[in-house]
Structure formats: C-alpha cells, structure tokens
Amino acid sequence: MSILDETFELNNQTKIPKLAFGTWRLKDGDEAYNAVASALKIGYRHVDTAFHYFNEKSVGQAIKDSGLKRDQVFLTTKLPAEIKNHDDILKNFQESLDNLQTDYVDLYLIHAPWPWSDINLDYRYDGANQEAWRTMEEIYQSGRAKAIGVSNFDVHDLKNLEKIWSVKPAVNQIEFYVGWTQPKIVSYSKLLGIQLEAYSPLATGGLATQAEIQNIAEKYRVSVPQTALKYVLQKGILPLPRATKAEHAKSNADLNFEISADDMTILDHIPDTGQARHNVTMG
Ligand SMILES: NC(=O)c1ccc[n+]([C@@H]2O[C@H](COP(=O)([O-])OP(=O)(O)OC[C@H]3O[C@@H](n4cnc5c(N)ncnc54)[C@H](OP(=O)(O)O)[C@@H]3O)[C@@H](O)[C@H]2O)c1
C-alpha cells in the first residue's frame, strides 16, 4: 500500500493521511495552484496551508478544480499567530474558509503561541492563548473544523492550555527533521495523545549535504529526502514536505522501504545542519 493511502487516527477518531503536501512559500497564483494540482494528481490527499502563507485562494482553487470531492482531501489551515482574541479569530477563520472556497476545514491550528515579531520565552502569551483555544473549541463545536490543534507549542504552552481545555488539541505541528528532533515536546505531546506533525521535514532543503544520511540513503537505494521522510514516519510523526517540482513530490511519496533500528539510531545522532536559527519550541 502506498503511504498516500495510509492514515493516522487523531484523538477525536478523525483519520488523517500520513503524508501531507506543504505549501509555505508557494506564491499565490500559478506557483501554488500548479504545485497543489500536481500533488493531488500524484495522489496526495492532505494539504497543509495557513492564512499567513497568503496562498489559500490558489490552494482552494486547485482542490476545487481537481475533480476530487471535498471530503476526499484533508485540508489544514492555520490561524495567524498574532490573532488571539475571540471576535478577530472568528472573522479570520471565515476569511480562510472564503479563500479556500469551502465551508469547513479538516484541521485548524493556532499557528504559534507568540506573534512572529516577538518570539521569546521571557514573555508568555498564556492568557491570550487560552482565549484563542476557547475560540478554537467554539469553531470545532460548530462543525466548521473537524479537528483543532496547535503549532510551535512547547511544554509550557500545552500545560497552559491543559488548565482550561474541554477539547484536547488533536495535533501539535512542530519543526522536526533528522538532526532537529525536539525530544521534550515530542514526548510530552505523545504522552497527551496529541499527534505530532513534522514541519520542514527536509530542513527546508538543508539535509542534502549530510554525509551520514547520504550513506544510509545509498544503502537502501533511496534519496536523502526519502530517507528523511521515512525517518519521521517511523517516529510516528506526520511529515509535511513541500515541493514545487512534481518529480520531487512524486519521489517523496515513494517510501516503500523500512529503515532498520540500528540505522534509525545512527540518524538519531546526526547533528543539526539545517537552518542556524530555530523557532523556540524546545521547552
Ligand atoms: N507551522 C509552522 O510554523 C511551519 C513552519 C514551516 C513550515 N511549515 C509547513 O511545513 C512544510 C514543509 O516545510 P518547508 O517548507 O520548510 O520545507 P521542506 O519540506 O523541509 O523542504 C522543502 C525544500 O526541499 C526541496 N525538496 C522537496 N522534495 C525534494 C526532493 N525529493 N529532492 C530534492 N529536494 C526536494 C524543495 O524543492 P522544490 O521546491 O524545488 O521541489 C524545497 O526547496 C511547509 O511548506 C509548511 O506547510 C509549517
């Protein structure tokens, strides 16, 4: 069976395809439209976007034009990190639905616990995130998001929501790739039964120069990106690779091999060669 047909089950029993197509940096218009249209042709059934990728219109159009029924595509979008108050969230969510030409999303995430202009661990947006989460729950109860979750949340941020939640987040989407595996937030999310998603699973393109991962890829006769994606999946985490080139999107879904336990351990110890600066979710 192809990985494109496999699913994880979220903590609210929703099925989520194990491999997603990421769309960050894909420009609204031809670039985003063509990439998503081509991914859907290849067989991807899970698309990850965000209001702040400013490409929801093209993503929605590509899904609409694909000929697939709405319920055949798992669609995720995200609430901008800067918006935390009830009324603005409801307004922004409706704008996302309008952009995407749909009346529901499969997964709606709080993009980050802090505004992008103020990423630090000294000041926490605890009250604001609690208000945002209560509003996410309201959206969930309305049926317009089939599941709700968070992104870039660390242990402190999850504990903050735990104090008030009636609905547990179904997903925490974090930066995760060979060399950057954030063990604290990974184990805490798993403990709570929150499905992890790996963003930048190819280190935004930065893994290709790694000698150790190249050696393992050669051993299995696959590429470095295929090795990196399989590593994420074998950790029980859902990767969201982005590709503008159709041949990349196609090979990223060709993951019919198994990395041995010994090779997984080697990959566990590969140093980080991705971007120098990370978002701070390592608490
Ligand atoms: N929640 C968040 O805060 C957050 C933050 C960052 C990302 N994300 C999500 O995670 C997704 C993925 O992360 P990312 O955009 O940082 O990038 P990524 O998936 O780690 O890497 C994308 C890069 O890898 C290249 N690539 C893909 N497949 C390849 C292959 N088979 N061979 C060689 N090169 C290949 C792409 O090239 P081509 O384009 O040339 O094909 C592109 O340059 C995003 O698109 C977004 O949906 C979420």
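Keep in mind the model is a prediction, meaning the values are calculated, not measured.

Cut-offs used in this document
Residues numbered from 1 in each chain as written. Predicted model: local features only at pLDDT ≥ 70, side-chain atom pairs only at ≥ 80, totals over all residues. Heavy atoms only, no water. UniProt positions renumbered as here; feature names shortened; annotations may be inferred. Helix = DSSP H or I, 4+ residues; strand = E, 2+ residues; numbered from the N terminus. Contact = heavy atoms within 4.5 Å. Buried < 20%, exposed > 50% of the residue type's maximum accessible area, 1.4 Å probe, protein only. Pairing = 2+ DSSP bridges. Right-handed = clockwise from strand over helix to strand, strands pointing away. Axes fitted to C-alpha atoms, helices over the stretch in contact; angles between N-to-C directions.

## Re the UniProt feature "binding site: substrate" (unreviewed entry) in the protein chain
Sequence positions flagged by UniProt for "binding site: substrate" (unreviewed entry) are, in local numbering, H111. Its place among the elements puts H111 in the loop between β6 (107-110) and α4 (126-141). When sequence neighbours within four positions are dropped, the list of residues in contact with H111 reads A50, Y53, K78, L79, P80, A81, W116, S151 and N152.

## Quick look at the pairing of strand β9 (residues 195-199)
Among the five residues of β9, five are classified as buried, and the element is accordingly described as predominantly covered. On β9, burial covers both faces: Q195, E197 and Y199 on one face and L196 and A198 on the other are all buried. Sheet analysis places strand β8 (residues 171-175) next to β9, joined by five bridges and oriented parallel. What sits directly across from N172, in β9, is L196. Considered for its hand, the β-α-β crossover made up of β8, helix α6 (residues 183-192) and β9 is right-handed.

## Structural notes on the sheet that holds strand β3 (residues 21-22)
Judged by pairing direction, the sheet is parallel, and its eight strands sit side by side in the order β3-β4-β5-β6-β7-β8-β9-β10 without closing on themselves. Every other strand in the sheet has two partners, leaving β3 and β10 (238-239) as the edge strands with one partner each. With two bridges connecting them, strand β7 (residues 148-151) and β8 associate as parallel partners. Counted as the bridge partner of S151 is Q173 from β8. In this fold α6 packs onto β8 and β9, with an angle of close to 170° to the strand it touches most, β8.

## Details of the UniProt feature "active site" (unreviewed entry) in the protein chain
Mapped onto this numbering, the UniProt entry annotates "active site" (unreviewed entry) at Y53. Note that Y53 resides in the loop between β4 (46-48) and α2 (56-65). Among the residues examined, Y53 registers a relative accessible area of 15% and is labelled buried. Once residues lying within four places of it in the same chain are set aside, the contact partners of Y53 are T23, W24, L26, D48, K78 and H111.

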